[in-house]
Amino acid sequence: MRTQYISNPEEARDFLNRYRPFYIFVAITAVIFTTRLMWLQIINGRELRQYSEKNRVKQTKIMAPRGLIMDRDGRALVENLPGFEAVISPQYIEDLKALSENVAPVIGMEPAKLVEKITRSKKLNGPFSLIRLKDNLSREEVFRLKRIRLDYPGLEIRESIIRYYPLREDGAQLFGYVGEISKKEIEKLNKKNGPDLFFEQGDIIGKSGLEEHLEKKIRGIDGVSFVQVDAHGRETITEIPNIYGEQIKDIEPVHGHGATLTIDRDIQIAAYDSFTKLNRIGSVVAMKSNGEILAWLNSPSFDPNIFTSDVPTKIMGKLSTDPFKPFRNKVIQDHFWPGSTFKPMVALAALQEKVITDKTIVATPSKLWFGNRYFHDHNKNGFGSVDVYTAIEKSSNVFFYKMGISLGVDKMYNYISLLGLGARTGIEMDREAPGRLPSSEWKKARLGEEWQPGENLTMAIGQGYVTATPLQMAVAYNTIGTEGKVVKPFIVKKVTDHEGKILFERFPAELRDVTLPQPNGFKIDKSTFKVVKEAMRRVANGSGGTARHWKVPGVEMAGKTGTAQVMSFSADQIYQSCEARPIQMRHHGWFVAWAPADKPEITVAVLAQHACHGNTGAAPIVRDVMEAYFKKYHPDIVRDALKKNPNARGIVTPGSAPAGSD
């Protein structure tokens, strides 16, 4: 039976009113979708198409090779070598435990640490970012990894660039080392450099020394390689997409600029060999008379090549806890009591102030009573009556105690500050310490105390509050040798691009001539310098000179030995054997000298920490460095002198030289 429906207009009209809001909603929604589609497809379609295409491309940074660092003759001091690194793509790892147990032993890692490294990277950077497992793989590691690579998809061995330091421990604190940037360094360096130099996670930067100082010049510009990926970021094997006719191409990295130093590799090696042979702790700096640094050494040291890969915890712990601080750049960062090497500067002040002349005779007993105690000489028999020449040659303490009493702290300060002590030299290296040259005003401001008369005596022999860095001592002695020319030391001679074009060049600079009146109203006459120069020539060449046993064949040196006490001793302990004490209680030995004595070409400052004496601890190293210099630059002089006298080097074995306080 067929059902029939009776139309009721009134009822239909009632239902129509109820559906009207729904129809309006559908209409508005359609308009919104249509408008949005027109915006995306027509108005903004081209731009969004480009975004879409670019999302199909993964960018990988190509590290730019850092610029080479060369010596003055163009020989490599820091260079780049080809190497290999192991990386893995986490998305292809099927069994992390199996991978870690088989790969970790090959690269010298514990399986648990490898698991932790991969897990942490996946959490921080996502599952598709490459993880660097180890840099600087050995040949054996490369061979073994290649054998197991097929069993572990995602494990790759890629070519890389390794920063290499051919001198190893020699000059490590000067050249520095590189390492991966930390999060703190990213924020700090980006804030410091602004838009000119942008750093990001994974960058390799200079961490210390010249690598750090020259970062802007030698780091280069990184390149980019493009790989097409799928929606999950995984590499796909298709052609690189064309974006409206514009092909995406790899951007090649730009090599960093090269730096040429004033360092002479031969002199640098001679300093290291001499220091190592004598097993010394301390520092060496050799400088030409115009301020060019020829050698720069600190000991103990470290091999910066270990930082090209993960440093073993054991090695890093040993370096960090070494009491003699292998990471310290002692040439400029550490300042020490100069000991008797300070005496020639006091002599300059005494002569210039007319406290003495070169003919004045002063009585020098074994000890001097001042205040309420004795001040002792290093020679328990004293030196008798001496002039300034003999006082410097034999290093009389009592003579200079008397000079300190007559001059007072402020007169010593006014003259000696002209030579550069108590202020930074201005060398381009970071973290240079200013040392300390005290005055009565300094003590009042710093310690809130008046200067005591007895402190004049200790200052006059280079103890008490006065301290200096080895570089400051080299600059001051060079000033004496050149009779008043204070130069600014420097290391970086020039910076060039890969085509050899000079982008930056530094030339010798004279800071001041102290034979002319200075801003403080003081000066030192050339005649005064000549007297002290002659006395210092006798130190190395006179019959009683404290450095007479160490000769450069055919060349006269001039200088001063020094012994700096690291702690106070009672009267009955002063003359006891220094070598019998524990090493931390032994005196530091200094020798600072220039050659030739009449017209300096090279000045060398050596600090031998805990070596007991300057004449046996530091002087042989100065002799070896200077001999290397003259053999290279004046070979005829050295050769002829040795032909004439095979013993022209003086004492060859340090142990055969008589030990003395200086």
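Just above, that's the structure.
What you see is a predicted model; the values in this text were computed from it and never measured. (Residues numbered from 1 in each chain as written. Predicted model: local features only at pLDDT ≥ 70, side-chain atom pairs only at ≥ 80, totals over all residues. Heavy atoms only, no water.)

Engineer: Can you explain the packing of helix α10 (residues 265–277) against helix α22 (residues 619–633)? Please cite residues and give values.
Structural biologist: The N-to-C vectors of α10 and α22 enclose an angle of 155°; their axes lie 9 Å apart at closest approach. Here α10 lies roughly antiparallel to α22, going by the angle between them. Here α10 and α22 pass one another in a crossing that is right-handed. Residue-level inspection shows Asp266, Ile267, Ala270, Ala271, Ser274, Phe275 and Lys277 of α10 in contact with α22, the latter providing Pro620, Ile621, Asp624, Val625, Ala628, Tyr629 and Lys632. Of the residues in the contact of α10 with α22, the class split is nine nonpolar, one polar and four charged. (Axes fitted to C-alpha atoms, helices over the stretch in contact; angles between N-to-C directions. Helix = DSSP H or I, 4+ residues; strand = E, 2+ residues; numbered from the N terminus. Parallel < 35°, antiparallel > 145°, perpendicular 65-115°, else oblique. Left-handed = near helix turned anticlockwise from the far one by under 90°. Contact = heavy atoms within 4.5 Å. Nonpolar A, V, L, I, M, F, W, Y, C, P; charged D, E, K, R; others polar.)

Engineer: How would you summarise α10 if you had to cite specific residues and measurements?
Structural biologist: The α-helix winds at 3.6 residues per turn, so residues separated by three or four positions along the chain end up facing the same way. Here α10 spans 18 Å end to end across 13 residues, near enough to the 18 Å set by a 1.5 Å rise per residue. Within α10 the residues assigned to the buried category are Ile267, Gln268, Ala270, Ala271, Ser274 and Phe275. Seen end-on, α10 carries its buried residues on one side only, within an arc spanning 160°. Next to the buried residues of α10 lie β12 (281–288), β13 (293–299), β24 (602–609) and α22. Capping the start of α10, aspartate 264 holds a side-chain oxygen 2.9 Å from the backbone nitrogen of aspartate 266, two or three residues further along. Count one or two residues on from α10 and you reach asparagine 279, which has phi positive near 55°. (Expected span 1.5 Å × (residues − 1). Buried < 20%, exposed > 50% of the residue type's maximum accessible area, 1.4 Å probe, protein only. Arc of directions from axis to C-beta. Polar contact = N/O pair within 3.5 Å; in protein donor to acceptor, adjacent residues only side chain to side chain.)

Engineer: Mind laying out the pattern of salt bridges, listing which residues take part and the relevant values?
Structural biologist: Scanning the entire structure with this criterion turns up 41 salt bridges. Across the pair lysine 277 and aspartate 624 runs a salt bridge, and its minimum N-O distance is 3.5 Å. One end of the pair, lysine 277, is in helix α10; the other, aspartate 624, is in helix α22, with 347 residues separating them in the sequence. Accessibility expressed as a relative area gives 58% for lysine 277, which makes it exposed. Ionic pairing is found between aspartate 525 and lysine 523, a salt bridge with its closest N-O pair at 3.3 Å. (Salt bridge = Lys/Arg side-chain N within 4 Å of Asp/Glu carboxyl O.)

Engineer: Give a detailed account of the state of the cysteines, specifying residues and quantitative values.
Structural biologist: Throughout the structure, instances matching the rule amount to one disulfide. Bridging cysteine 578 to cysteine 612, the disulfide has an S-S length of 2.2 Å. Between cysteine 578 and cysteine 612, the disulfide has an S-S torsion of -85° and is therefore left-handed. Residue cysteine 578 is found in the loop between β22 (558–564) and β23 (588–595), and its partner cysteine 612 is found in the loop between β24 and α21 (614–617); the two are separated by 34 residues along the sequence. Across the pair, cysteine 612 and cysteine 578 agree in class, each one buried. (Disulfide = S-S within 2.5 Å.)

Engineer: Please provide a residue-by-residue account of a nonpolar patch on the surface, values included.
Structural biologist: A cluster of nonpolar side chains, contributed by Phe22, Tyr23, Phe25 and Val26, occupies part of the molecular surface with about 450 Å² of accessible area. Mapped onto the elements, tyrosine 23 comes out in helix α1 (residues 9–43). (Patch = residues over 30% accessible without salt bridge, like charges linked within 9 Å, V, L, I, M, F, W, Y side chains within 5 Å. Areas by Shrake-Rupley, 256 points an atom, 1.4 Å probe, with all protein chains shown as cover.)

Engineer: Hey, could you go over the sheet that holds β22 for me, with residue numbers and the actual values?
Structural biologist: Across the sheet, which stays open at both edges, the five strands sit in the order β13-β12-β24-β23-β22 with antiparallel pairing between neighbours. The outermost strands of the open sheet, each flanked by one partner alone, are β13 and β22. Each strand of the sheet is rotated relative to its neighbour by a mean of 5°, with strand direction disregarded. Its contacts with the sheet put α10 on β12, β13 and β24, and the angle it makes with β13 is roughly 30°. (Pairing = 2+ DSSP bridges.)

Engineer: Residue-level account of the nonpolar core, with values.
Structural biologist: Within the largest apolar cluster, 128 residues are counted, with the highest numbers of intra-cluster contacts made by Trp296 and Ile491. Here the element with the most residues in this core is α22; it accounts for eight residues. (Core = buried A, V, L, I, M, F, W, Y, C linked by side-chain atoms within 4.5 Å.)

Engineer: Kindly report on helix α16 (residues 409–416), identifying the contributing residues and their values.
Structural biologist: What α16 keeps buried is the set Val409, Met412, Asn414, Tyr415 and Ile416. Against α13 (343–352), α15 (397–407), α17 (440–447) and α18 (454–460) lie the buried residues of α16.

Engineer: With reference to specific residues and values, describe the packing of helix α19 (residues 470–481) against helix α20 (residues 526–541).
Structural biologist: Remark: α19 packs on α20, axes separated minimally by 9 Å, with the N-to-C direction vectors making an angle of 110°. As far as their axial angle goes, α20 and α19 are roughly perpendicular. Two secondary-structure elements touch here, α19 through Tyr477, Thr479, Ile480 and Gly481 and α20 through Phe529, Val532, Lys533 and Met536. Tallied by class, residues from the contact of α19 with α20 come to five nonpolar, two polar and one charged.

Engineer: Can you lay out the pairing of strand β11 (residues 258–261) for me, pointing to particular residues and giving the numbers?
Structural biologist: The alternating pattern of β11 places Gly258 and Thr260 on one face and Ala259 and Leu261 on the opposite face, and all of these are buried. As judged from the two bridges shared by strand β2 (residues 69–70) and β11, these two strands associate in the parallel manner. When the bridges of β11 are listed, isoleucine 69 appears paired with alanine 259. One ladder, built from four bridges, connects β11 with strand β19 (residues 492–496); its direction is antiparallel. Across the sheet, threonine 260 pairs through a bridge with lysine 494, a residue of β19.

Any link to function would need more than the numbers given here.
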